[in-house]
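# Inside the fold
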Amino acid sequence: MKLSPHTNPPEPGDLLIRFHNQTEAAIDITGKEHGHSARWHCHGCGDRSGEHSLSFARSDANEHATTCRASHHRLG
C-alpha cells in the first residue's frame with residue numbers, strides 16, 4: 001500500500017493524545033496518564049520530549065504544534 005505524503009503514522013498502542021501541527025503532521029503524546037511517564041514526539045520535524053507528567057507533556061506538545069511547520073514526506 002502506497003501512503004500519501006501527508007499520511008500520519010498509525011496510532012501507537014500507548015497513545016494518549018494526538019495533536020497536529022500547522023502542516024497537519026501528527027504530534028503524539030504517549031505513555032501513562034499518571035506519574036512522569038508521558039512524552040511527545042513530532043512526526044513533522046522529529047522533535048521529542050523527555051518523560052514528564054501528562055499535563056506538562058500536553059502543554060508542551062500543544063505549544064510545539066502551534067509553531068511547528070515541518071511536514072514529513074515519505075518518499076517512494
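The notes below deal with the structure included here.

Reading the values: the criteria
- Residues numbered from 1 in each chain as written.
- Predicted model: local features only at pLDDT ≥ 70, side-chain atom pairs only at ≥ 80, totals over all residues.
- Heavy atoms only, no water.
- Core = buried A, V, L, I, M, F, W, Y, C linked by side-chain atoms within 4.5 Å.
- Buried < 20%, exposed > 50% of the residue type's maximum accessible area, 1.4 Å probe, protein only.
- Helix = DSSP H or I, 4+ residues; strand = E, 2+ residues; numbered from the N terminus.
- Contact = heavy atoms within 4.5 Å.
- Pairing = 2+ DSSP bridges.
- Axes fitted to C-alpha atoms, helices over the stretch in contact; angles between N-to-C directions.

Judged by nonpolar contacts, Ile-17, Phe-19, Ile-27, Ile-29, Ala-38, Trp-40, Cys-42, Leu-54, Ala-57, Ala-61, Ala-65 and Cys-68 together constitute the single largest core of 12 residues. Residue assignment for this core shows that the elements contributing at least two residues are strand 1 (15-20), strand 2 (26-30), strand 3 (39-42) and helix 1 (54-67). Top element by residues in this core is helix 1. It accounts for 4 residues. Setting aside chain neighbours within four positions, we find Ile-17 in contact with Ile-27, Asp-28, Ile-29, Leu-54 and Arg-58.

What follows concerns the environment of Thr-66. You can see Thr-66 is positioned in helix 1. Separated by 47 residues in sequence, Thr-66 and Phe-19 place their C-alpha atoms 9.6 Å apart.

Pairing is antiparallel across the open sheet formed by 3 strands, whose spatial order is 1-2-3. With partners counted over all chains shown, the strands left at the sheet margins are strand 1 and strand 3, one partner each. Averaged over all adjacent pairs, the angle separating strand axes in this sheet is 20 degrees, with direction ignored. Helix-sheet contacts for helix 1 involve strand 1, strand 2 and strand 3, and the interaxial angle to strand 1 is about 20 degrees.

These figures come from the coordinates and say nothing about function on their own.
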